[in-house]
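Structural characterization, general
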Amino acid sequence: MVRAVTAKKERIWDYGVIPYEIDGNFSGLHKALFKQAMRHWENSTCIKFIERDPEIHPNYIVFTVRSCG
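Notes on the structure in this doc start here.

Parameters and conventions
Residues numbered from 1 in each chain as written. Predicted model: local features only at pLDDT ≥ 70, side-chain atom pairs only at ≥ 80, totals over all residues. Heavy atoms only, no water. Salt bridge = Lys/Arg side-chain N within 4 Å of Asp/Glu carboxyl O. Helix = DSSP H or I, 4+ residues; strand = E, 2+ residues; numbered from the N terminus. Buried < 20%, exposed > 50% of the residue type's maximum accessible area, 1.4 Å probe, protein only. Core = buried A, V, L, I, M, F, W, Y, C linked by side-chain atoms within 4.5 Å. Contact = heavy atoms within 4.5 Å. Phe/Tyr/Trp six-rings, centres within 6.5 Å; stacked < 30°, edge-to-face > 60°. Pairing = 2+ DSSP bridges. Right-handed = clockwise from strand over helix to strand, strands pointing away.

Side note on the pattern of salt bridges
Counting across every chain of the model gives three salt bridges. Its salt-bridge partner being Glu21, residue Arg52 comes within 2.8 Å of it at the nearest N-O pair. Of this pair, Arg52 sits in the loop between strand E2 (48–51) and strand E3 (61–63) while Glu21 sits in strand E1 (residues 17–22), and the two are 31 residues apart along the sequence. The exposure class assigned to Glu21 is partly exposed, which follows from its relative accessible area of 27%.

Topic: the nonpolar core
Counting seven residues, the largest nonpolar core is built from Ile18, Tyr20, Ile22, Phe26, Met38, Phe49 and Phe63. Top element by residues in this core is E1. It accounts for three residues. Those residues in contact with Phe49 that lie beyond four places of it in its chain are Ile18, Tyr20, Met38, Arg39, Trp41, Glu42 and Ile61.

Focus on the packing of aromatic side chains
One pass over the full model with this rule turns up three aromatic pairs. A centroid spacing of 6.3 Å and a plane angle of 75° characterise the contact between Tyr20 and Phe63, whose relative ring orientation is edge-to-face. Taken together, the positions of Tyr20 in strand E1 and Phe63 in strand E3 put the pair 43 residues apart, joining distant regions of the chain.

Section: the side chain of Glu42
Along the chain, Glu42 turns up in helix H1 (residues 28–44). Residue contacts for Glu42: discarding those within four places in its chain leaves Ile47, Lys48 and Phe49.

Regarding the pairing of E1
Looking at chain direction, E1 and E2 are connected through four bridges and run parallel. Looking at the pairing, Ile18 lines up with Phe49 of E2. Tracing the backbone out of E1, into H1 and back to the parallel element E2 gives a crossover that is right-handed. Note that E1 and E3 share three bridges and pair parallel. Of the residues in E3, the one forming a bridge with Tyr20 is Ile61.

Comments concerning the environment of Phe26
Turning to its location among the elements, Phe26 is positioned in the loop between E1 and H1. Note: C-alpha distance between Phe26 and Val65 (39 residues apart in sequence) is 8.8 Å. Apart from the residues lying within four places of it in its own chain, the contact partners of Phe26 are Lys31, Phe34, Phe63, Thr64 and Val65.

Just distances and angles here, no functional claims.
Following this line, the structure appears as structure tokens:
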């Protein structure tokens with residue numbers, strides 16, 4: 001198994017945990033595909049995705065669609 005790494009501490013998520021949100025404009029099928037992709041990353045790396053809790057996760061990723069891409 002090959003794993004990518006970085007030496008830049010500012011690019012590392014605390015404990016390898018990545019909080020996320022999925023915008024409500026996606027269908028259930030799309031949300032399921034995002035989650036399937038996240039499980040694949042979890043199985044292939046040392047990271048874990050968790051749904052964001054706004055009270056404890058100020059930094060997070062958002063799956064969304066915008067006019068810029």
